[in-house]
Amino acid sequence: MAGIKNIVLAYDDSDGGKKALQLAKEFTANKEGVKLYVGHVFEEKVKSEVVETNERPIEHLPINNFPADGIQVPPLAMEQGALEKTEHSIITHSSEKAFNNAKAELDALNIDTEYSILEGSPSESIVDYANSVNADLIIIGQSGNEGIKRKLLGGASQKIANNAHCHVLIAK
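Remember, predicted model here, so these are calculated numbers, not experimental data.

Novice: Could you give an account of the side chain of threonine 28, with specific residues and numbers?
Specialist: Assignment of secondary structure puts threonine 28 in helix α1 (residues 15-28). With near-sequence residues (within four places) excluded, threonine 28 lies in contact with Ile7, Val34, Leu36 and Ile111.

Below you can see the structure in the form of structure tokens.
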């Protein structure tokens, strides 16, 4: 498509986000002067879980001390087995994991790419980000959320399509 130089990819590592990533690769591969801006809305959550130390051993931290999704982060001051039950934190929706997954696919293609972590409402944050980078196109995955709330309020992809200043491509 002529005239499209700045593309925003709204990426959250979901199934819809992965489909949007594939479309972004198609739109940017082997194109001169096209820049891809990958935006991820921060929604990391840390939940605590009580575990039996004698039934479920504490796992070691991954390399470089970066906890990954679903990995237990043990309390630092306690020895394993000192108590019957301990509380561990589990990180979900990791921004770092999402970017690492996107980078793994995009770096191989030598695409001019910039990554940004955004805060706030996903739809508003992506639209604001697209405005700030003067995007010509936003690529977003269709969210898998169904139900009455989405029917009444609309999904993030629909809100972005309604409020964006540029074209929006929704990957299905």
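Novice: Can you explain the pairing of strand β1 (residues 6-10)? Please cite residues and give values.
Specialist: Extensive coverage of β1 is indicated by the burial of five of its five residues. With burial as the criterion, each face of β1 is covered, one bearing Asn6, Val8 and Ala10 and the other bearing Ile7 and Leu9. Following the backbone out of β1, through α1 and into the adjacent parallel strand β2 (residues 35-41), one traces a crossover that is right-handed. Where β1 lies against strand β7 (residues 137-141), four bridges are found, and the strand directions are parallel. Bridging across to β7, alanine 10 finds its partner in isoleucine 140.

Novice: Lay out the pattern of salt bridges with the relevant residues and their values.
Specialist: For the structure shown, the criterion picks out two salt bridges. Among the salt bridges present, the one from lysine 25 reaches glutamate 105, with a minimum N-O distance of 2.8 Å. Remark: glutamate 105 occurs in helix α2 (residues 95-106) and lysine 25 occurs in helix α1; sequence separation between them is 80 residues. Accessibility expressed as a relative area gives 30% for glutamate 105, which makes it partly exposed. One salt bridge connects glutamate 114 with lysine 35, and the closest N-O pair in it is separated by 3.4 Å. A residue pair is termed long-range when its members are at least 10 positions apart, and glutamate 114 in strand β6 (residues 112-118) and lysine 35 in strand β2 qualify at 79 residues.

What counts as what
- One numbering rule holds for all chains: residues counted from 1, following each sequence as written.
- Owing to the predicted nature of the model, reporting of local features is limited to residues with pLDDT of at least 70; listing and counting of side-chain atom pairs is limited to 80 or more, with chain, interface and lining totals taken over all residues.
- Computation of side-chain values covers all heavy atoms of the structure but excludes hydrogens and water.
- Secondary structure elements are taken from DSSP: a helix is a run of H or I of four residues or more, a strand is a run of E of two residues or more, and numbering for both begins at the N terminus.
- By definition, residues are in contact when any of their heavy atoms lie within 4.5 Å.
- Whether a residue is buried, partly exposed or exposed follows from its accessible area with a 1.4 Å probe, protein chains only, as a fraction of its type maximum: under 20%, in between, or over 50%, in that order.
- The handedness rule is simple: strands pointing away from the viewer, and a clockwise path from the first strand over the helix to the second, make the crossover right-handed.
- Two strands form a pair only when DSSP identifies at least two bridges running between them.
- Each salt bridge in this description consists of a side-chain nitrogen of Lys or Arg and a carboxyl oxygen of Asp or Glu lying within 4 Å of one another.

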